[in-house]
Each structure stands twice: as structure tokens, then as C-alpha cells.
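Spelled out from the first residue to the last, the chains are:
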Amino acid sequence: MGVFQIGDTTTGTRNYDFYDGIDYFITPQYAIDKLLEQENFEGTILEPCSGNGRISKTLEQLGYTVYSSDIREDEDVYGEKGINCMSLKGIQANNLITNPPYLNTKKLLSMTQHFLTLADKKVALLLRLAFLESQARHEFLTTSPLEKVYVFSKRLTMHREGMDEKDKARGKIAFAWFVWNHDKPSNTKPIIDWLF
Ligand SMILES: C[S@@+](CC[C@H](N)C(=O)[O-])C[C@H]1O[C@@H](n2cnc3c(N)ncnc32)[C@H](O)[C@@H]1O
């Protein structure tokens, strides 16, 4: 897979801050299925970094109404093309589920904060477990309605398009589903659980 032509829909200029053309990984089916075994989502779902649509298609097969978009503009994108998720404003759906780009960790915090403004129920993000760390994220993590962190006991292998998902590659990075719930009582702490 080559480098994508990316346009920032808000400015019309190229914007590689969030996306450098290589951060497209297909979400492992196992990771999506495990989340959906644990969590119920009521109402509509926004997938704002939909890529080729692995998460969106799984949700649609289960009967959910899903709004899919991605900053990419190539023909393989599932959903609306050329939409920078940071340009979306206001509540777009009841829930948001995605596997966002990871490369720029500072921007990932502002992207996560922004995602919380786009859904009025739950926001589920597949992130590195290390997102729990850092002084920069401390205030956000301790004051936002983070309800659950689902740690994968087995390391996930993130595949690029064209790779065989059955190959023997083993991921070296620990991932977890982070689930925020706007209905979480503010006096409760996040719950940690494991996916096996
Ligand atoms: C890790 S991939 C996840 C793909 C997809 N969610 C899946 O389940 O397979 C991250 C995706 O985020 C997209 N992306 C990166 N920056 C973005 C932005 N600012 N707005 C919308 N999509 C973005 C990339 O094009 C890529 O498709």
C-alpha cells in the first residue's frame, strides 16, 4: 500500500499532522468481536476513521446504523472519503467506535477529547495500553467519563492491507479498548477487565 494523497477538508491544504500515509492498520476481527461480547451500544454509531471498514461492516452486520468516514480519499475507503474527523462538529451519533491513528501521541489526546463531543452515549477506542500513562493525559484520564479499560491478554497483531492475517507475526505492543460513557456517575472509578 502506498502513501495516500491526503487533503485537510477544513483548510484545503495537505495535513500530515494526524496522518503520515502509513498509519493504516486493519483492526483484527478478534478485537472487534471481543469488544462487542462485553459492551452494549444503544442507538447509532459513528466510525470516523473507518479505513476499509472492518469495524463498520461488523457493526452493520449486527444491525447497527453506522456513519463511516475517513480522511483517506482512495477508492478502498468504506464510507465518506476525505473527512478529517477533527472537522466534525457536534453530536454525530449516539456512540463512537474506532481504531484511531496512533503515530502522534499529543494529537491523539486532542482527538480523543474531540471524539467525546461527537457522541452522547459511549466512545470506544482501541488504543495502546500506554495511553493510561503520562502526565500530559493525567487530568483528562482522571476527570473524563472513562468507564472501562479492556486489556488484551494476548497481544494483538495489527496488519497492513495485503498482509495475511493468518501469518505468524505477533504484536509487540499492548492494546486495550478504552470505553468512555457519558452516563457514568462522576463519583465512580474506571473498571479494568481482561479480554482473553
Ligand atoms: C488504525 S487505522 C483503522 C482503520 C479502521 N478503523 C479499521 O477498523 O480497520 C486508522 C485510520 O484512521 C484514518 N485517519 C487518520 N487520520 C485521520 C483523521 N484526521 N480523520 C479521519 N481519519 C483519519 C486513516 O486513514 C486510517 O484509515
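Before reading further, recall that the structure is shown in the block above.
Residues numbered from 1 in each chain as written. Predicted model: local features only at pLDDT ≥ 70, side-chain atom pairs only at ≥ 80, totals over all residues.

Trainee: Whenever I open this one, the overall build of the protein chain confuses me. Can you help?
Mentor: Looking only at helices and strands, the protein chain features 4 helices and 7 strands. When its helices and strands are written in sequence order, the protein chain yields α-β-α-β-β-α-β-α-β-β-β. Classification of the 196 residues of the protein chain by burial places 31% in the buried group. (Helix = DSSP H or I, 4+ residues; strand = E, 2+ residues; numbered from the N terminus. Buried ≥ 20, exposed ≤ 12 C-beta atoms within 10 Å, placed from the backbone.)

Trainee: How should helix 2 (residues 54-61) be read in this particular structure?
Mentor: Quick reminder: α-helices carry 3.6 residues per turn. Residues three or four places apart thus point the same way. Ile55, Ser56 and Leu59 are the residues of helix 2 that are buried. An end-on view of helix 2 places all buried positions within 95 degrees of arc, on one side of the element. Looking at the buried residues of helix 2, the elements they touch are helix 1 (29-38), strand 1 (45-47), strand 2 (66-68) and strand 3 (95-98). (Arc of directions from axis to C-beta. Contact = placed C-beta atoms within 7 Å.)

Trainee: Could you clarify how one ought to interpret the site of the ligand in this entry?
Mentor: The full set close to the ligand counts 23 residues, and Thr27, Cys49, Gly51, Ile71 and Cys85 are the nearest of them. Class assignment for the residues of the shell around the ligand results in 13 nonpolar, 6 polar and 4 charged. (Near = placed C-beta within 6 Å. Nonpolar A, V, L, I, M, F, W, Y, C, P; charged D, E, K, R; others polar.)

Trainee: Honestly, the sheet that holds strand 2 in this entry has me stumped. Any pointers?
Mentor: Pairing between the strands of a sheet comes from backbone hydrogen bonds, and it takes one of two forms, parallel or antiparallel. Taken in spatial order, the 7 strands make up an open sheet running 2-1-3-4-6-5-7, and their pairing is mixed. Each end of this open sheet is capped by a strand with a single partner; those strands are strand 2 and strand 7 (191-195). Between one strand axis and the next, the sheet turns through 20 degrees on average, direction left out of account. Examined bridge by bridge, strand 5 (residues 146-152) and strand 6 (residues 175-181) share 5 bridges and lie antiparallel to one another. Bridged to Tyr150 within strand 6 is Trp177. (Pairing = 2+ DSSP bridges. Axes fitted to C-alpha atoms, helices over the stretch in contact; angles between N-to-C directions.)

Trainee: How should I be thinking about helix 1 in this particular structure?
Mentor: By the burial criterion, the buried members of helix 1 are Ala31, Ile32 and Leu35. The arc that holds the buried residues of helix 1, viewed along the axis, is 95 degrees, so those residues lie on one side. Facing away from the buried surface of helix 1 by more than 90 degrees, the exposed residues are Gln29, Asp33 and Glu37. Structurally, helix 1 contributes buried residues whose contacts are with helix 2, strand 4 (122-128), strand 5 and strand 6.

Trainee: I tried to follow the nonpolar core on my own but got confused; where do I start?
Mentor: Generally speaking, nonpolar side chains in soluble globular proteins are found buried as a group. One finds Ile45, Leu96, Val123, Ala124, Trp177 and Phe178 to be the most contacted residues of the largest nonpolar core, which totals 29 residues. Counting residues per element, the ones that place at least two in this core are helix 1, strand 1, helix 2, strand 3, strand 4, strand 5 and strand 6. For this core, the element with the highest residue contribution is strand 6, accounting for 6 residues. Setting aside chain neighbours within four positions, we find Phe178 in contact with Leu125, Leu127, Phe131, Leu146 and Val149. (Core = buried A, V, L, I, M, F, W, Y, C linked by C-beta atoms within 7 Å.)

Trainee: How do you make sense of the pairing of strand 6 when you look at a structure like this?
Mentor: Both faces of the sheet carry side chains from a regular strand, because those side chains alternate between them. Across the 7 residues of strand 6, 6 count as buried, placing the element largely inside the fold. In this structure, strand 4 lies alongside strand 6, joined through 7 bridges in antiparallel fashion. Residue pairing for strand 6: Leu125 is matched across the bridge by Phe178.

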